[in-house]
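Observations on the model geometry
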Amino acid sequence: MHNLAWWQSAVIYEVYPRSFQDSNGDGIGDLDGIIQRLDYLVGIGVGAIWIAPIYRSPMADFGYDVADYCDVDPIFGNLQDFDRLLIEAHRRDLKVILDFVPNHSSDRHPWFLESRSSRENAKRDWYLWRDQSNNWMSNFGGSGWEWDELTSQYYYHSFLKEQPDLNWRNPAVRAAMYDALRFWLDKGVDGFRVDVMWLIIKDDQYRDNPSNPDFGPDQSSGNSLLPVYNSNRPEVHEVVAEMRAVIDSYPGRVLIGEIYLPVKDLMTYYGQDLNGANLPFNFLLLQCPWNARAIAQVISEYMTMLPPGAWPNWVLGNHDNARIATRVGLSQTAIAAMLLLTLPGTLTIYYGEEIGMTNAFVRPEDVQDPAEKRQPGIGMGRDPERSPMTWDCSDTAGFTRGQPWLPLGADHRAVNVEVENCDEESMLNLYRRLIALRRAHPALVSGQLRSVTSLGDLLNYELATDHVRLMVFLNFGHSPVQVAAESGIVLAGTDSRRRAERVGNFVELKGSEGIVIKIPS
Ligand code: GLC
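Just so we're clear, the structure is a prediction, and the values are computed from it rather than from any experiment.

**Comments concerning the overall build of the protein chain**
- Each helix and strand in the protein chain was counted, giving 16 helices and 21 strands.
- For the protein chain, the C-alpha radius of gyration of 23 Å lies close to 24 Å, the compact-globule estimate for 521 residues.
- For the C-alpha atoms alone, the extent of the protein chain along its principal axes is close to 75 × 50 × 50 Å.
- A burial count over the protein chain gives 60% of its 521 residues as buried.
- Residue pairs at least 24 apart in sequence account for 67% of intrachain contacts in the protein chain once pairs closer than 6 positions are excluded.
- Accessible surface for the protein chain amounts to roughly 20200 Å². Of this, 50% is attributable to carbon and sulfur atoms.
- Treating the 47 positive side-chain charges of the protein chain as one cloud and the 68 negative ones as another, the clouds have centres 3 Å apart.

Quick look at the structure:
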């Protein structure tokens, strides 16, 4: 696929390192484990891995509380292990994207220890200290302000109190964080996924957030206010552009942003003249009702609103949301895969999605996620989608020799790589076929998306280049449908046996069946 940057044509695979592969028997995944599984990733056809945080951390939020931005936590290994991972990945033509967590550090980071030590400390202004709190909340529930006895002020934390927010209005903070980016870029890291990009800067006057007029009794208390003054501030774009400039001073790197905002606001993160994130993560499919009409609408809206020259991307799952197989139900999992893998742009797969892993059941006494511990029972818990990757049929699914840090999914003996390797019709082989199809047919990656339509349970769209037209039909319902098509040849489908079938003016689809047809030009 000439003329495209690697990050435009690659499928990105998210590795949640605690849960991917343990190599030393402590029940927690590590860098050596990831190295052991690189060939598996190459075999699926992914082009890049994004690894959730591996930095030194007290693990209050499992690595999203960083105590040293330039070191690896011993749970995962050390810097030499990381260097090896990078060499081994690059040897296989796999890119490596790291997580970057700029909004907050750990409260054990030396910067915060200094900042907290006295009001006069040179790093006092590196965090957000105030005499008075306001009504800003933590995204994990409750007030976002923590009273600090020693210096009699509050500090702000968008998440846990162990994750104090950095002051991005302070140029010294920016410089230190950009140095951290350079540390990894110098090693050869291929890019970053920036954590909570839309939260990085807050209102300099600390104005109270207004109440949410649509707040109802069925919503969690976190929705009672509109986060006008502590999120998506206009100044954030200046910071993103600076990050992008750091990234762009190295050839061939990528900047991805985690952004949960309405699509109109999301688009602004591409930046003025596209000087922002290369890929502001598109989470629309994570939040969309699972029916043909809603999905057609979301796809059309997103594609229409893309700024000129901006590159699209799609995500079905990540370590903060219920797994797709659980959200849509088993019968629709293959349709979800076909949808993701036939949309144009860059795609991100969450580990285990490719084998159809479901959310694991986690007993209250086994809960690990701090978000769940802070507000038990309201369904914020993210442990179920973080259960260990299931590699084989053994008791610990090939993930560890020890006791896994989270329980395995109840279905692990049926849903695992070993079993699915042997089954032509497995989810794993569907992923492999569809990723191979993207490689063979550039229209799927960079073709023009046209005629996105829904009719009842059927979703249909077309990807076209000057040379070829590919039509995609997806049945979101459980009953068979007959649909008007154009004569062509089946390239792929949820049922592998239909490949190479000649299609006339009508196509029959079973319930939950999907198909890609090539129309000769
Ligand atoms: C992001 C991460 C999430 C983490 C939070 C705080 O949303 O994806 O896992 O808890 O930021 O860093």
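Moving on, there is more to tell.
**Considerations on the sheet that holds strand β8 (residues 153-156)**
- Taken together, three strands build an open sheet; the order of strands is β6-β8-β7 and the sheet is antiparallel. Two strands bound the open sheet, and with one partner strand each, they are β6 (129-130) and β7 (145-148).
- Relative to β8, β6 is paired through two bridges, and the arrangement is antiparallel. Bridging across to β8, Arg 130 finds its partner in Tyr 154.

**Regarding the domain arrangement of the protein chain**
- The assigned domain composition of the protein chain is domain 1 (6-106 + 170-433), domain 2 (110-156) and domain 3 (448-519).
- Relative placement of domain 2 and domain 3: their C-alpha centres are 56 Å apart.

**Brief notes about the sheet that holds strand β18 (residues 488-493)**
- Within the open sheet, the six strands sit side by side as β14-β15-β16-β21-β18-β19. Their pairing is antiparallel. What marks the edges here is a single partner per strand, and that holds for β14 (448-455) and β19 (502-503).
- With respect to the sheet, helix α15 (residues 427-440) is in contact with β18 and β21 (514-519), its orientation differing from that of β18 by roughly 130°.

**Quick word on helix α7 (residues 236-248)**
- Taking 1.5 Å per residue, 13 residues should reach 18 Å; α7 reaches 18 Å between its end C-alpha atoms and fits that length.
- Every buried residue of α7 is listed here: Val 236, Val 239, Val 240, Ala 241, Met 243, Arg 244, Val 246 and Ile 247.

**Some remarks on the packing of helix α4 (residues 79-91) against helix α6 (residues 171-187)**
- Following both chains from N to C, one finds α4 and α6 inclined at 50°, their axes separated by 10 Å at the closest point. Comparing their axes, α6 and α4 come out oblique. Residue-level inspection shows Leu 79, Phe 82, Asp 83 and Leu 86 of α4 in contact with α6, the latter providing Phe 183, Trp 184 and Lys 187.
- Among the residues making up the contact of α4 with α6, the classes are represented as five nonpolar, no polar and two charged.

**Remarks on the pattern of salt bridges**
- Enumeration according to the criterion identifies 39 salt bridges in this entry.
- Lys 202 is paired through a salt bridge with Asp 165; the nearest N and O atoms lie 2.6 Å apart. Of this pair, Lys 202 sits in the loop between β9 (191-194) and α7 while Asp 165 sits in the loop between β8 and α6, and the two are 37 residues apart along the sequence.
- Measuring nitrogen to oxygen at the nearest pair gives 3.1 Å for the salt bridge that ties Arg 386 to Asp 320. Of the two residues, Arg 386 sits in the loop between α13 (370-374) and α14 (417-421) while Asp 320 sits in the loop between β12 (313-315) and α11 (324-328), which places them 66 residues apart along the sequence.
- Taking the relative accessible area as the measure of exposure, Asp 320 reaches 21% and is therefore partly exposed.
- Counted as one network, the salt bridges with shared partners bring together Asp 495, Arg 497, Arg 498, Glu 501, Lys 510 and Glu 513.

**Topic: the side chain of Arg 233**
- Inspection of the secondary structure puts Arg 233 in the loop between β9 and α7.
- When sequence neighbours within four positions are dropped, the list of residues in contact with Arg 233 reads Ile 201, Lys 202, Asp 203, Arg 207 and Val 228.

**Considering the site of the ligand**
- Taken together, 14 residues form the shell around the ligand, and within it Asp 61, His 104, Asp 195, His 319 and Asp 320 come nearest.
- Here an oxygen atom of the ligand and a side-chain polar atom of His 319 are 2.8 Å apart.
- Within the contact set of the ligand, an oxygen atom lies 2.4 Å away from a side-chain nitrogen or oxygen of Asp 320.
- Starting from 300 Å² of accessible surface for the ligand in isolation, the protein chains cover 96%.
- Partitioned by chemical class, the residues of the shell around the ligand number four nonpolar, three polar and seven charged.

**Overview of the pairing of β21**
- Burial analysis of β21 places five of its six residues in the buried class, which makes it a mostly covered element.
- In this structure, strand β16 (residues 469-475) lies alongside β21, joined through six bridges in antiparallel fashion. Opposite Phe 473, over in β21, you have Ile 515 as the bridge partner.
- For β18 and β21, the ladder comprises four bridges, and the chain directions are antiparallel.

**Focus: the packing of aromatic side chains**
- Counted according to the given criterion, the structure contains 32 aromatic pairs.
- Both rings, one in Trp 50 and one in Phe 281, keep their centres 5.5 Å apart while their planes meet at 45°; by these two values the pair is tilted. Here the residue Trp 50 occupies a position in strand β2 (residues 48-51), and Phe 281 occupies one in the loop between β11 (279-280) and α9 (284-287), the gap between them amounting to 231 residues. Like Trp 50, the residue Phe 281 is buried in the burial classification.
- A centroid spacing of 6.0 Å and a plane angle of 50° characterise the contact between Trp 145 and Tyr 206, whose relative ring orientation is tilted.

**Details of the packing of α6 against α7**
- Relative orientation of the contacting elements α6 and α7 amounts to 30°, with a least axis distance of 10 Å. Viewed along their axes, α6 and α7 adopt a mutual orientation that is roughly parallel. The chirality of how α6 crosses α7 is right-handed. Contact residues: α6 offers Arg 174, Tyr 178, Leu 181, Arg 182 and Leu 185, while α7 offers Glu 238, Val 239, Glu 242, Met 243, Val 246 and Ile 247.

Thresholds applied
- Residues numbered from 1 in each chain as written.
- Predicted model: local features only at pLDDT ≥ 70, side-chain atom pairs only at ≥ 80, totals over all residues.
- Heavy atoms only, no water.
- Helix = DSSP H or I, 4+ residues; strand = E, 2+ residues; numbered from the N terminus.
- Rg over C-alpha atoms; globule rule 2.2 N^0.38 Å.
- Buried < 20%, exposed > 50% of the residue type's maximum accessible area, 1.4 Å probe, protein only.
- Contact = heavy atoms within 4.5 Å.
- Areas by Shrake-Rupley, 256 points an atom, 1.4 Å probe, with all protein chains shown as cover.
- Lys, Arg positive; Asp, Glu negative; His and termini not counted.
- Charge placed at Lys NZ, Arg CZ, Asp CG, Glu CD.
- Pairing = 2+ DSSP bridges.
- Domains from an automatic or database assignment.
- Axes fitted to C-alpha atoms, helices over the stretch in contact; angles between N-to-C directions.
- Expected span 1.5 Å × (residues − 1).
- Parallel < 35°, antiparallel > 145°, perpendicular 65-115°, else oblique.
- Nonpolar A, V, L, I, M, F, W, Y, C, P; charged D, E, K, R; others polar.
- Salt bridge = Lys/Arg side-chain N within 4 Å of Asp/Glu carboxyl O.
- Near = heavy atom within 4 Å.
- Polar contact = N/O pair within 3.5 Å; in protein donor to acceptor, adjacent residues only side chain to side chain.
- Phe/Tyr/Trp six-rings, centres within 6.5 Å; stacked < 30°, edge-to-face > 60°.
- Left-handed = near helix turned anticlockwise from the far one by under 90°.

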